[in-house]
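Commentary on secondary and tertiary structure
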Amino acid sequence: MKKKTFKDIDVAGKKVFARVDFNVPQDENGKISDDTRIRAALPTINYLVKQNAKVILCSHFGRPKGVFNEKYSLKVVAERLSELLNIKVKMASDVIGPSAKALVSEMKEGEIVLLENVRFHAEEEANDERFAKELASLADVYVNDAFGAAHRAHASTAGIAKYLPAVAGFLMDSEIMALSNATNNAEKPLVVILGGAKVSDKINVISKLMAEANTLLIGGAMANTFLAAKGYDIGFSKYEEDRLDVAKSLMEQAETLNVNLVLPVDVACGSEFSPSAKCKNFASNKIASDYQAMDIGKKTRKIFAKEISKAKTIIWNGPMGVFEFKKFRKGTLSVAKAVAKSGAVSIVGGGDSVAAIQELGFANKVTHLSTGGGATLKFLEGATLPGVAMLEDKDSETKKVKTPDFSAIDKKTTEKPVVKAKATTKKSAVKKETASSAPKASAVSKTAKPASKTVSSKAPKTIASKTTESKTTSKTNKK
């Protein structure tokens, strides 16, 4: 999967529309608590500036649901980016409106303009053609450096690429190369480590990697479903009742393919889902009825570390327990240490997995820290990522700029008015105009998943499942 990068085309003096991923976390005061994603985009931005390009940055931020919301403004990102680059980043107050167009038209070579949150427009997630054309009309070249959003077929990640020469940035290129090599050209033994909440989220990944992996280590709450499928007493641990047959099938598949599928032999359990819960270690087949598994146990940590030490290639996605609770983060930190010390080619993805590596100061000892969550999983399972597929192939002729045809568009309705959410979503002239042609939801191409039942829980995502998609049950309640 070789895609062109901006090094393959001339960007000097040109307006470059760079789709980046600045969807960073904030603390309770609205300050950026982790600027990793901003820093990850710096090589691409710096290169474009040095090449005297006029850099137009576009990103989403949070989930404003298609309307203006000050809470999700990128102003805080513009400030942080200016500090990191030591360059004044001009901030537009809109995306395709007067402010954005005025700032872009006045740009000089080497300057940077950051557009406001692209998801303030419902047309973004709908991959609306007219909106994509408006975005494209701002620039001469399109660069996608937002791997974390590459699995979304949105206007700024896929639609815009129809109208401009479309190439990858440094981050996108490094993600594609690292993940491709890990899945297609992995030096064996290949050890895959998977954690997180649900088996249902990673069925396709497990099946895909099973054909290549020598060893598969499973931790986190998803391990509970496998343990329950083996008939173990797992207390009131969360597990997916309607995925027991899937877990059994995956274990049979591993045996058939001679893959060493390793489950926890012991688990650190809590008396309740709380950072202050009483903590006890139990054998994974004999968890007390009033306790739930919340991390892999001491023996399992040693077993996992031994298996990791044998690897030549490692793929790790997902925590081994409730990482946000200090008592139950030992398993994740233990795996992070083992991966860093292995000397193997290592690919780490997923928020908590990456956080553990960074907390321990091991980032420089890992081959690749993936910025993608869902995008990484989709890539690993072999799915087509719209944001990657739309980029030009290495051996193709560079696309010529297509001048968007706006003859049928009422210019007065192109930019959404900045008003309250209800007024915008119900009365926006843009919505009226595009309602018949644009889908109401994202046009992402996904492999359909059977619905999964889950128990409603207020627990963080590392253990509890999202209630809208799956219903986790607990063995004690079932009885």
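Here, the structure is the one placed above.
Residues numbered from 1 in each chain as written. Predicted model: local features only at pLDDT ≥ 70, side-chain atom pairs only at ≥ 80, totals over all residues. Heavy atoms only, no water.

**Some words on the sheet that holds strand 18 (residues 368-369)**
Strand order across the open sheet formed by six strands is 11-8-7-16-17-18, with parallel pairing between neighbours. Strands with a single pairing partner mark the edges of an open sheet, and in this sheet they are strand 11 (260-262) and strand 18. Sheet analysis places strand 16 (residues 313-317) next to strand 17 (residues 345-349), joined by five bridges and oriented parallel. The partner of W316 across the bridge, within strand 17, is V348. Across the sheet, helix 11 (residues 330-342) lies against strand 7 (190-194), strand 16 and strand 17, angled at about 155° from strand 16, the strand it touches most. (Pairing = 2+ DSSP bridges. Helix = DSSP H or I, 4+ residues; strand = E, 2+ residues; numbered from the N terminus. Contact = heavy atoms within 4.5 Å. Axes fitted to C-alpha atoms, helices over the stretch in contact; angles between N-to-C directions.)

**Observations regarding the sheet that holds strand 6 (residues 166-168)**
With respect to topology, six strands assemble into an open sheet ordered 3-4-2-1-5-6, the strand pairing being parallel. Strands at the two margins of the open sheet, each flanked by one partner only, are strand 3 (89-91) and strand 6. Mean inter-strand twist for the sheet, computed between neighbouring axes without regard to direction, equals 25°. Helix 2 (residues 75-85) rests against strand 2 (54-58), strand 3 and strand 4 (112-114) of the sheet, and its axis sits at about 170° to strand 3.

**Examining helix 8 (residues 222-229)**
Three or four residues apart is the spacing at which side chains of an α-helix point the same way, because the helix has 3.6 residues per turn. Taken across its eight residues, helix 8 has eight buried, putting it largely inside the fold. When we look at burial in helix 8, the residues that qualify are M222, A223, N224, T225, F226, L227, A228 and A229. Once helix 8 ends, the next one or two residues include G231, with phi positive near 85°. (Buried < 20%, exposed > 50% of the residue type's maximum accessible area, 1.4 Å probe, protein only.)

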